[in-house]
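Examining the three-dimensional arrangement
The chain contents come next:
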Amino acid sequence: MPHTETPGTEGAPATRLRWWTELPLILLVYACYSAGRLLVRGDVTDAVNHGLAILRIEQALYLNAEHPLNRLFTREPWLGIPADFWYASLHYLVTPALLVWLFRSRAVHFRAARTWLMTSTFIGLIGFTLLPTCPPRLLDASHGFVDTMAQYSSYGWWAGEASAPRGLGGLTNQYAAMPSLHVGWALWCGVILWRHGGTRLARIAGVVYPLVTVVVVMGTANHYFLDAVAGVAVMGAGLLLTPVVLRNTDRVKALVPPRFAPVPVASSASGSPIVSDGCQTSAGEQFPGQRQQQLEPRLASGSGPGDSPPARGEDAETAAAPAR
């Protein structure tokens, strides 16, 4: 069976990639992501109501993975503390590391993979804007959730306000739970490792990393199960839109005139180099080398350098006349 590429994840770059153009673009998208979480806080009452609505939907579907996982992480510090570090750090370390690795080692795949990640992130920002959602850890204690990051805050740099460092909790939007981009970005990392890692260990990591992330976001009470499902859906939508974004980007680039137009190099029909560099000579003019070749035999026969050569007709008549 012939190998087929997943749309939106392959494609050679039309131009050579430059880190000084890629890095500001990635930082811009991350700044938009952070600013969107910060500025679109939404009403707290609406966020709580949305969180409770998600719980009711999960109960109707007989889904309740959050409570047992949260109780396990709360009861067992050897699970809860690593899970908190996982949630607070890997989201911001693994994804950029894979972007750098793709750029340096798999440049032919970088542009499509980067566009997929950015497109999905912007879709996630739309979700934060339209549906501010209270995470399980911020619900009333009567709902049975414990904020493990607050419980184990003495072990890390965070306090009781998500994964933000102590004193900086006001710089993050704690009601940006739907969709879970922790899960979405982990899924992107898993796909990249599976497709381009090249080793069995990389493929195993590509499967384990997103699955463990799903367990972590629920066990730490930062997301509902449906938040994780929405994160996967966002990445799927971004994957489908990636070819469209790439085509439109190429069209926009085609409309921008290049700064330096290439100068065409003229060549003769036979492909031989042009030694005159565009210079022309008159009809009877000879190059210096040709003059020297004609002057040498005349000097050898005693003719002066100022003597003009006989005409062709005179030479033929002299040769035909008998000797006297």
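Residues numbered from 1 in each chain as written. Predicted model: local features only at pLDDT ≥ 70, side-chain atom pairs only at ≥ 80, totals over all residues. Heavy atoms only, no water.

On a plain count of helices and strands, the protein chain comes out with eleven helices and zero strands. Along the protein chain, from the amino end to the carboxyl end, the secondary structure elements read α-α-α-α-α-α-α-α-α-α-α. For the protein chain, buried positions account for 36% of its 324 residues. About 19500 Å² of surface is accessible on the protein chain, with carbon and sulfur atoms providing 65% of the total. (Helix = DSSP H or I, 4+ residues; strand = E, 2+ residues; numbered from the N terminus. Buried < 20%, exposed > 50% of the residue type's maximum accessible area, 1.4 Å probe, protein only. Areas by Shrake-Rupley, 256 points an atom, 1.4 Å probe, with all protein chains shown as cover.)

One can find Pro-136 in the loop between α5 (107-130) and α6 (148-151). Given the relative accessible area of 0%, Pro-136 is considered buried. As for Pro-136 and Val-48, which are separated by 88 residues in sequence, their C-alpha atoms are 9.3 Å apart. Setting aside residues no more than four positions away along its own chain, Pro-136 makes contact with Phe-145, Ala-221, Asn-222, His-223 and Tyr-224. (Contact = heavy atoms within 4.5 Å.)

Another aspect to go through is helix α4 (residues 77-105). When the terminal C-alpha atoms of α4 are compared, their 39 Å separation across 29 residues agrees well with the 42 Å that a helix rising 1.5 Å per residue should span. Its axis deflected by about 50° at Leu-90, α4 carries its strongest bend there. Every buried residue of α4 is accounted for by Gly-80, Ile-81, Ala-83, Asp-84, Tyr-87, Ala-88, Ser-89, His-91, Thr-95, Leu-98, Leu-99 and Leu-102. (Expected span 1.5 Å × (residues − 1). Bend = angle between axes of the 7 residues up to and from the residue.)

Before going further, it helps to spend a moment on the environment of Tyr-155. For Tyr-155, the location among the structural elements is in the loop between α6 and α7 (181-196). Not counting residues within four places of it along the chain, the set of residues in contact with Tyr-155 comprises Ile-81 and Phe-85.

What follows is about the packing of aromatic side chains. For the coordinates displayed, the defined rule picks out three aromatic pairs. Relative to Tyr-209, the ring of Trp-86 lies with its centre 5.7 Å away and its plane at 35°, an arrangement referred to as tilted. Here Tyr-209 lies in helix α8 (residues 200-219) and Trp-86 lies in helix α4, a separation of 123 residues in the sequence. Judged by relative accessible area, which is 24%, Trp-86 ranks as partly exposed. Between Tyr-152 and Tyr-155, the ring centres sit 6.4 Å apart and the planes meet at 65°, which makes this aromatic pair edge-to-face. For Tyr-155, a relative accessible area of 51% translates into the label exposed. (Phe/Tyr/Trp six-rings, centres within 6.5 Å; stacked < 30°, edge-to-face > 60°.)

Now for the packing of α7 against α8. The geometry of α7 relative to α8 is characterised by a closest axis approach of 7 Å and an angle of 170° between their N-to-C directions. Judged on the interaxial angle alone, α8 and α7 are roughly antiparallel. Residues His-182, Val-183, Ala-186, Leu-187, Cys-189, Gly-190, Leu-193 and Trp-194 of α7 form the contact with α8, whose own contacting residues are Ala-202, Arg-203, Ala-205, Gly-206, Val-207, Tyr-209, Pro-210, Thr-213, Val-214 and Val-217. Its residues assigned to classes, the contact of α7 with α8 shows 13 nonpolar, four polar and one charged. (Axes fitted to C-alpha atoms, helices over the stretch in contact; angles between N-to-C directions. Parallel < 35°, antiparallel > 145°, perpendicular 65-115°, else oblique. Nonpolar A, V, L, I, M, F, W, Y, C, P; charged D, E, K, R; others polar.)

Time to look at the nonpolar core. Residues Leu-102 and Trp-188 are the most contacted members of the largest nonpolar core, which totals 21 residues. In terms of residue count, α7 provides more of this core than any other element does, seven residues in total. Trp-188 has contacts with Thr-95, Leu-98, Leu-99, Leu-102, Ala-113, Trp-116, Leu-117 and Met-235, leaving out every residue within four places of it along the chain. (Core = buried A, V, L, I, M, F, W, Y, C linked by side-chain atoms within 4.5 Å.)

Buried within helix α3 (residues 66-75) are the following residues: Glu-66, His-67, Leu-69, Asn-70 and Phe-73. Down the axis of α3, the smallest arc covering the buried residues is 165°, so these residues share one side. Its buried side turned inward, α3 meets α2 (44-60), α4, α6, α8 and α9 (225-255). (Arc of directions from axis to C-beta.)

Moving on: the pattern of salt bridges. Per the counting criterion, the structure on display carries three salt bridges. Across the salt bridge formed by Glu-76 and Arg-75, the nearest N and O atoms sit 3.8 Å from each other. Judged by relative accessible area, which is 25%, Glu-76 ranks as partly exposed. Across the pair Arg-111 and Asp-250 runs a salt bridge whose closest N-O atoms are separated by 2.6 Å. (Salt bridge = Lys/Arg side-chain N within 4 Å of Asp/Glu carboxyl O.)

The next thing to look at is the side chain of Ser-180. Structurally, Ser-180 is set in the loop between α6 and α7. What Ser-180 contacts, discounting residues up to four positions off in sequence, is Val-217, His-223, Asp-227, Ala-228 and Gly-231.

This next bit is on the packing of α4 against α7. Closest axis-to-axis distance for the α4/α7 pair is 10 Å, and the angle between their directions is 35°. Here α4 and α7 pass one another in a crossing that is left-handed. Residues Tyr-87, His-91, Val-94, Thr-95, Leu-98, Leu-99, Trp-101 and Leu-102 of α4 form the contact with α7, whose own contacting residues are Leu-181, His-182, Trp-185, Trp-188, Cys-189, Ile-192, Leu-193 and His-196. Considering only residue class, the contact of α4 with α7 consists of twelve nonpolar, four polar and no charged. (Left-handed = near helix turned anticlockwise from the far one by under 90°.)

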